[in-house]
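Each chain is listed here by its residues.
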Amino acid sequence: MSTREERATRRAGEFPPPPEPLAVPVFDSHTHLDITVHETSGPGVTELIDAAVRAGVDRVVQVGVDVASSKWGAELAAQDERVLAAVAIHPNDAPRLADLDEALREIEALAALPRVRGIGETGLDTFRTNAAGRPAQETSFRAHIAIAKRHHRALIIHDRDAHADVLRLLDEEGAPEVVVLHCFSGDEAFARECVRRGYFLSFAGTVTFGSADNLRAAARATPPAQMLVETDAPYLTPKPFRGRPNASYLIPHTMRALAEYTGHDLDELCAAVSANGERVFGPWK
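Residues numbered from 1 in each chain as written. Predicted model: local features only at pLDDT ≥ 70, side-chain atom pairs only at ≥ 80, totals over all residues. Heavy atoms only, no water.

Participant: Tell me what's going on with the overall build of the chain, and back it up with residues and numbers.
Facilitator: Counting its regular elements, the chain contains 11 helices and eight strands. Projected onto its principal axes, the C-alpha positions of the chain cover 45 × 45 × 40 Å. Out of the 285 residues in the chain, the part that is buried amounts to 56%. In the chain, the share of contacts with a sequence separation of at least 24, taken over all contacts with a separation of at least 6, comes to 75%. If you sum the accessible surface of the chain, you get close to 11,800 Å²; carbon and sulfur atoms cover 51% of it. (Helix = DSSP H or I, 4+ residues; strand = E, 2+ residues; numbered from the N terminus. Buried < 20%, exposed > 50% of the residue type's maximum accessible area, 1.4 Å probe, protein only. Contact = heavy atoms within 4.5 Å. Areas by Shrake-Rupley, 256 points an atom, 1.4 Å probe, with all protein chains shown as cover.)

Participant: I'd like to hear about the pairing of strand β4 (residues 116-125), residue by residue, with values.
Facilitator: Where burial is concerned, most of β4 is hidden: 10 out of the 10 residues are buried. With three bridges joining them, strand β3 (residues 83-87) and β4 adopt parallel strand pairing. In the sheet register, Ala-86 faces β4, and the bridge partner there is Gly-118. By the bridge criterion, six bridges tie β4 to strand β5 (residues 154-160) in an arrangement that is parallel. Considered in β5, the bridge of Ile-119 is made with Leu-155. (Pairing = 2+ DSSP bridges.)

Participant: Hey, could you go over the side chain of Thr-122 for me, with residue numbers and the actual values?
Facilitator: Tracing the sequence through the fold places Thr-122 in strand β4. Separated by 3.4 Å, the side chains of Thr-122 and His-144 make a polar contact. (Polar contact = N/O pair within 3.5 Å; in protein donor to acceptor, adjacent residues only side chain to side chain.)

Participant: Would you mind going over the packing of helix α10 (residues 251-262) against helix α11 (residues 266-281) in detail, with residue names and values included?
Facilitator: One way to put it is that α10 packs onto α11 with a least axis distance of 9 Å and a crossing angle of 115 degrees. Classified by the interaxial angle, the pair formed by α10 and α11 is roughly perpendicular. In the crossing of α10 with α11, the sense of the turn from one axis to the other is right-handed. Of the residues in α11, those in contact with Met-255, Arg-256, Leu-258, Ala-259 and Thr-262 of α10 are Leu-266, Leu-269, Cys-270 and Val-273. Of the residues assigned to the contact of α10 with α11, the class counts are seven nonpolar, one polar and one charged. (Axes fitted to C-alpha atoms, helices over the stretch in contact; angles between N-to-C directions. Parallel < 35°, antiparallel > 145°, perpendicular 65-115°, else oblique. Left-handed = near helix turned anticlockwise from the far one by under 90°. Nonpolar A, V, L, I, M, F, W, Y, C, P; charged D, E, K, R; others polar.)

Participant: Tell me about the nonpolar core, residues and numbers included.
Facilitator: Formed by 84 residues in total, the largest nonpolar core has its most connected members in Phe-184 and Met-255. At six residues, helix α5 (residues 100-111) tops the list of elements feeding residues into this core. (Core = buried A, V, L, I, M, F, W, Y, C linked by side-chain atoms within 4.5 Å.)

Participant: Give a description of the packing of aromatic side chains that names residues and reports values.
Facilitator: Overall, the coordinates contain five aromatic pairs when judged by the stated rule. Between Phe-184 and Phe-203, the ring centres sit 5.8 Å apart and the planes meet at 55 degrees, which makes this aromatic pair tilted. In this pair, Phe-184 is assigned in the loop between β6 (179-181) and α8 (188-196) and Phe-203 in strand β7 (residues 200-203), connecting sequence segments 19 residues apart. For the pair formed by Phe-184 and Phe-203, the shared burial category is buried. Centroid distance Phe-281 to Trp-284: 6.2 Å. Interplanar angle 75 degrees. Geometry classified as edge-to-face. The burial state of Phe-281 is the same as that of Trp-284; both residues are buried. (Phe/Tyr/Trp six-rings, centres within 6.5 Å; stacked < 30°, edge-to-face > 60°.)

Participant: Requested: an account of the pattern of salt bridges, with residues and values cited.
Facilitator: Tallied over the full model, the rule gives 20 salt bridges. In this structure, Arg-168 engages Glu-138 in a salt bridge whose closest nitrogen and oxygen atoms are separated by 2.7 Å. You can see Arg-168 sitting in helix α7 (residues 163-173) and its partner Glu-138 sitting in helix α6 (residues 134-151), a full 30 residues away along the chain. Judged by relative accessible area, Glu-138 falls into the partly exposed class, the value being 22%. Between Arg-197 and Asp-171 there is a salt bridge, with its nearest N and O atoms 2.6 Å apart. Of the two residues, Arg-197 is situated in the loop between α8 and β7 and Asp-171 in helix α7; the sequence distance between them amounts to 26 residues. Among the residues examined, Arg-197 registers a relative accessible area of 25% and is labelled partly exposed. A cluster of three or more residues bridged by salt bridges with shared partners is formed by Glu-138, Arg-142, Asp-165, Arg-168, Glu-172 and Glu-173. (Salt bridge = Lys/Arg side-chain N within 4 Å of Asp/Glu carboxyl O.)

Below, the structure is given as structure tokens:
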């Protein structure tokens, strides 16, 4: 069985039980409800959002990875006041498209919608895209940066093994007013550089993994005023349920871990992260 098939098999398993709810609600800054419903045998979209609210996760950002998922997210956000949308072509998909320019035009049209508040996930990935595909990846990233600036939207960055190049392109193009490093994957030094630039660092369930000392150090280097939390559901389920399907209602595990690692009071950290939602994406209602 391939690694991809193994991951799909795990995600097709049983969702973990709900955690103790957070006393101070937060939001999930990055989830893929469409993929979660498609790749698991669990609840539907409304049930997943309802479960999140019961756990103290009162809002979500539904993130697109191609034109179809971006349209889906924009439609969901228009129908449910607990949801905002982000739209983009995923960096690993950019080299595979027959007409990247047309896809980018469709993303820009979606970016103008009132409940689309993020451009992402975009960025660079040198882990899954080889050297031949990287020029298209860079072209796509530059275009998304421009779209974010034209429409005054947060830029949501997928960065895998490409920290220096991500910063280089942001410097060359000029970063938008709001930049989010989705599923932050760097070390303390990279975190401090991103903090210095005023970017937001979003931590996923990976921060709880046993081998993730670098992420825990990065979290300690991130001020609460620049910290976000996410699931990247259905992926990256936090301990103690790593390998099972992820969903927004499991955010409390990651929030409690972040409070422990950073030494912040849990309720105060939740309040700061929640306030950052409006700073990054604007009001949900």
